[in-house]
Amino acid sequence: MSLSTTNPTHRILLARWLVAAFFLISCLFWANQALLSTFRLAQPLPLHTFLETVTIVIFASVFIVCWNAFGESRKKSSTILAIAFLCTAILGFFHSVSFQGMPGFETAVDMHKSLSFWLASRTLIAITLLGLALDPTDSDVSKKQSYSILFIGTICTILLAVVIFNAPHLVPLTFSATAGQTTFKIAYEMGLVAVNTLTAFLFYQHAVRFQSDKTAEHLHIERAPLFFASALMAMSEVYFSLYSSTSDIDIAIGHTFQLFAAIAIYRSMVAVNIHTPYSALAETTESLVSSSNELTLQRERLSRMIDTAIDGIITVDEQQIIILANPAAAAIFGYQADSLIGAPLDNLIPMRHRHSHGNHMREFGEAGTTRRKMGTHYEDFYVTGCKADGNEFPIEASIAHQLENGKRYYTVIFRDITDRKIAREKMAAYHTQLSQLSNTLQTIREEERKHIARELHDDLGQLLAALRMDLSLLQRDRQLIENNQQTMKSMDQLILSAITTLRRIATDLRPRALDEGGLFFALKTLQKDFSQRHKIECELVADEKHLILDDDRSTAIYRIIQESLTNVARHAEANYVQIEFHHSSDKLSFTISDNGKGIDDQDMQKTQSFGLVGMRERVKAMHGEFHVVSNNIEGTTLKITLPLEQET
């Protein structure tokens, strides 16, 4: 008859089948009451006392567990249940000791007293279960409130006992010597039958509903056993309304049903409150064992990762004592791994850095930062380690700290970057050499251009001019002109075209305006020539006094603008270009902007973009800044900023 199955659906089905079985048995007994009345109890008093005592013990257990299950933070439901079942146990005890036949209780009046206690106890438990069946919202009660309710309930129970014992006439008569149970008592039993039947119906509905919707449940009690208990209590009250004397078998059957109901109540309330903590403890224990196993696996996995890591890993405590070092760390510093454990971290730090390193570690721990990188920039090698043989080497490291039981630990993951440092130093040296070579080539190129331009202008230009003068003298000979007039004109045009081309080539190689008139005059000439040659409007916004610079800067700026205009003419598909200069006390900045189609990002990254590379190198040689801003809506803008202080 146990309802301890773990499946809620099975519990409901079992309770329903048990209620149906008991009801069918009862129907057989009720239908054959005449036959049943022939059976008499030879010793009714011991059996009644035994059954009542077991029921009282069960109800007292309900009180003890419901009162103490939640400590000082009690629930209203558990408090009311505990006090109600305590009062029920007290009234049941008074009913048992005053039952007819007990010493000192031999008369019909004494039986009236016993039945009055019986009805009071049955009423209290029926109302309590009905209140639970109505499923009120549970809430917390304070320790003071719970003890106040306990005091009031106990006092009321004692007062009722005093009234029944000393003034039984104040209570409606329940038993007479001639008629046995009175009409009031039988009617009252039928009322209890109705209340318990309603309670059983409500508990059954709750059990069905809460098995699928636990969120709707307010009181965490087992409904299926309470459905079974309420149904059996309703049936038992029928038996208690049928007997005529204390030796009738109906009393034994009714008390047996009451005992089964008490056991079901115990299962629903006491067992739940006892088993639930142990079940939770068992689940917690199982979870702890599982977590412990998982933690062990993770620790082993972490240990393998640490041991096989190619980077060095060291953990130190607040006193900078090494508590963990992997084989890679020992190999990097030239120690055995076991010899590092327990050694001070200062052994791995150069002497000159030890004091400052300790201060840095303390500041790092107090700053609240949990992770920091050190030595990660190619020029940042201040994190230095010291090998067992005393040799120093650069380290790239990250450091983290954590608090464990109030103690602070630091973990450093690092690697030896000696090879990287050497490679980057070589790369920086190569880059410097390439920059110097580029500057030298630019200078040589300008000198060659200047020399070739001067040779073309001064020598070949003079020869062409002299040749044209000689041609002019020949044109004065009329006889010669008459025979070769067309040829002479053609020769004159060719010589003039050659002089013009020569001047343009010489200007492209080295504009004389740059040497004779300065940067501003050279840019004005370049602007005018660019507009005439490519039919693109070009605007120069500059102040001549701000463009009085040394020859190297003037040449570089001119070449940058010249290359920019060449790129505009070749690629931009623009119809407007603006060159704008801005001057301040320490720098000269200028922009070249066009309204063309812009430059794609991939085009700017091409290695064949020698024009942009050359401009960047010229700007870098002057320690300036070079930026390109381009999109297909606003065109392209080159922004160049040059410092004006003299460089060695």
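Residues numbered from 1 in each chain as written. Predicted model: local features only at pLDDT ≥ 70, side-chain atom pairs only at ≥ 80, totals over all residues. Heavy atoms only, no water.

Secondary structure summary: the protein chain contains 19 helices and 15 strands in total. When each of the 648 residues of the protein chain is scored for burial, the buried share is 42%. Considering only contacts in the protein chain between residues 6 or more positions apart, those separated by 24 or more positions represent 67%. As displayed, the protein chain offers around 36,100 Å² of accessible surface, 59% of which is attributable to carbon and sulfur atoms. (Helix = DSSP H or I, 4+ residues; strand = E, 2+ residues; numbered from the N terminus. Buried < 20%, exposed > 50% of the residue type's maximum accessible area, 1.4 Å probe, protein only. Contact = heavy atoms within 4.5 Å. Areas by Shrake-Rupley, 256 points an atom, 1.4 Å probe, with all protein chains shown as cover.)

Another aspect to go through is the pattern of salt bridges. Oppositely charged side chains can form a pair if their charged atoms are brought close together. This structure, assessed with the given rule, holds seven salt bridges. Residue glutamate 573 pairs with lysine 597 through a salt bridge whose shortest N-O separation is 3.6 Å. In this pair, glutamate 573 is assigned in the loop between helix H17 (551-572) and strand S12 (576-583) and lysine 597 in the loop between strand S13 (587-594) and helix H18 (601-604), connecting sequence segments 24 residues apart. Exposure remark for glutamate 573: the relative accessible area of 66% places this residue in the exposed category. (Salt bridge = Lys/Arg side-chain N within 4 Å of Asp/Glu carboxyl O.)

Here we take up the pairing of strand S11 (residues 537-541). Where burial is concerned, the two faces of S11 differ: the one with Cys538 and Leu540 is buried and the one with Glu537, Glu539 and Val541 is not. For S11 and S12, the ladder comprises five bridges, and the chain directions are parallel. Bridge pairing in S12 links glutamate 537 to tyrosine 576. For the crossover that starts at S11, traverses H17 and ends in the parallel S12, the hand is left-handed. (Pairing = 2+ DSSP bridges. Right-handed = clockwise from strand over helix to strand, strands pointing away.)

Our focus in this paragraph is the sheet that holds S11. If you walk across this open sheet you meet the five strands as S11-S12-S13-S15-S14, and the pairing is mixed. Single-partner strands in this sheet number two, and they are S11 and strand S14 (625-631). Averaged over all neighbouring strand pairs, the angle between strand axes comes to 10°, with direction disregarded. Alignment of S12 against S13, held across seven bridges, turns out to be antiparallel. The partner of phenylalanine 581 across the bridge, within S13, is phenylalanine 590. Most of the contacts of helix H16 (residues 518-534) go to S11, to which it runs at about 165°, and overall it touches S11 and S12. Each of S11, S12, S13 and strand S15 (635-643) touches H17; the most contacted strand, S13, lies at about 15° to it. (Axes fitted to C-alpha atoms, helices over the stretch in contact; angles between N-to-C directions.)

Together, Phe151, Ile152, Ile155 and Leu159 make up an exposed nonpolar region whose accessible area comes to about 410 Å². Following the sequence through the fold, leucine 159 ends up in helix H6 (residues 143-166). (Patch = residues over 30% accessible without salt bridge, like charges linked within 9 Å, V, L, I, M, F, W, Y side chains within 5 Å.)

This paragraph deals with the side chain of threonine 157. Along the polypeptide, threonine 157 turns up in helix H6. Relative accessible area serves as the criterion here: at 6%, threonine 157 is assigned to the buried category. Aside from chain neighbours lying at most four places away, what touches threonine 157 is Cys87, Ile90 and Leu91.

By the secondary structure assignment, alanine 252 is in helix H9 (residues 249-308). A C-alpha to C-alpha distance of 8.0 Å links alanine 252 and proline 44, two positions 208 residues apart in sequence. Non-local contacts of alanine 252, meaning those with residues more than four positions away in its chain, are made with Leu41, Leu47 and Leu51.

Per-chain confidence: the protein chain averages 79 in pLDDT, with 80% of residues scoring 70 or above. Low pLDDT, under 50, characterises residues 376-381; the stretch is placed with seven contacts to residues that sit more than four places away or in other chains. (pLDDT = per-residue confidence, 0-100.)

Across its 17 residues, H16 extends 24 Å between first and last C-alpha, which sits within 8% of the 24 Å expected from 1.5 Å per residue. Immediately downstream of H16, the backbone of lysine 535 shows phi near 60°, a positive value. (Expected span 1.5 Å × (residues − 1).)

Now for the packing of aromatic side chains. Per the stated rule, a full pass over the model turns up 17 aromatic pairs. With centroids separated by 5.6 Å and ring planes inclined at 50°, the aromatic side chains of tryptophan 30 and tyrosine 239 adopt a geometry described as tilted. Of this pair, tryptophan 30 sits in helix H1 (residues 8-31) while tyrosine 239 sits in helix H8 (residues 223-240), and the two are 209 residues apart along the sequence. A relative accessible area of 0% places tyrosine 239 in the buried class. (Phe/Tyr/Trp six-rings, centres within 6.5 Å; stacked < 30°, edge-to-face > 60°.)

To continue, consider unusual backbone geometry. Positive phi, normally seen in glycine, also occurs at glutamine 320, with a value near 65°. Backbone geometry at glutamate 573 places phi at a positive 55°, although glycine is not the residue there.

Turning to the nonpolar core, a few remarks are in order. Counting 52 residues, the largest nonpolar core has Phe59, Phe85, Leu129, Phe228, Ile265 and Met269 as the members making the most contacts within it. Every element with two or more residues in this core is listed here: H1, helix H3 (44-68), helix H4 (76-97), helix H5 (108-133), helix H7 (183-210), H8 and H9. Of all hydrophobic cores here, the second largest spans 35 residues; its members include Leu519, Phe581, Leu612 and Leu638. (Core = buried A, V, L, I, M, F, W, Y, C linked by side-chain atoms within 4.5 Å.)

Following both chains from N to C, one finds H4 and H6 inclined at 20°, their axes separated by 10 Å at the closest point. Between H4 and H6, the angle is such that the two are roughly parallel. Crossing of H4 against H6: the hand is right-handed. For the pair H4 and H6, the contacting residues are Thr79, Ile83, Leu86, Cys87, Ile90, Leu91 and Phe94 in the first and Ser146, Ile149, Leu150, Gly153, Thr154, Thr157, Leu160, Ala161 and Phe165 in the second. Here the residues of the contact of H4 with H6 sort into eleven nonpolar, five polar and no charged. (Parallel < 35°, antiparallel > 145°, perpendicular 65-115°, else oblique. Left-handed = near helix turned anticlockwise from the far one by under 90°. Nonpolar A, V, L, I, M, F, W, Y, C, P; charged D, E, K, R; others polar.)

The contact between H5 and H8 brings their axes to 12 Å, and the two run at 150°. Between H5 and H8, the angle falls in the class roughly antiparallel. In the crossing of H5 with H8, the sense of the turn from one axis to the other is left-handed. For the pair formed by H5 and H8, the contact residues are Trp118, Arg122, Ile125 and Leu129 on the first element and Leu226, Ser230, Met233, Glu237 and Phe240 on the second. Across the contact of H5 with H8, the residue classes tally to six nonpolar, one polar and two charged.

In terms of strand pairing, strand S5 (residues 312-316) meets strand S10 (residues 407-416) through five bridges, oriented antiparallel. Bridge pairing in S10 links valine 316 to tyrosine 410. Pairing of strand S9 (residues 392-404) with S10, which is carried by ten bridges, proceeds in the antiparallel orientation. From the neighbouring strand, glutamate 396 faces S10, where its bridge partner is arginine 415. The antiparallel pairing of S9 with S10 creates a hairpin that spans two residues between the two strands, and asparagine 405 there sits at a positive phi of about 55°.

Below, the discussion takes up the environment of serine 554. For serine 554, the location among the structural elements is in helix H17. With relative accessibility at 5%, the residue serine 554 sits in the buried group. For the pair formed by serine 554 and leucine 523, sequence separation is 31 residues and the distance between their alpha carbons is 10.0 Å. Not counting the four nearest positions on each side in its chain, serine 554 is found in contact with Leu514, Leu519 and Leu549.

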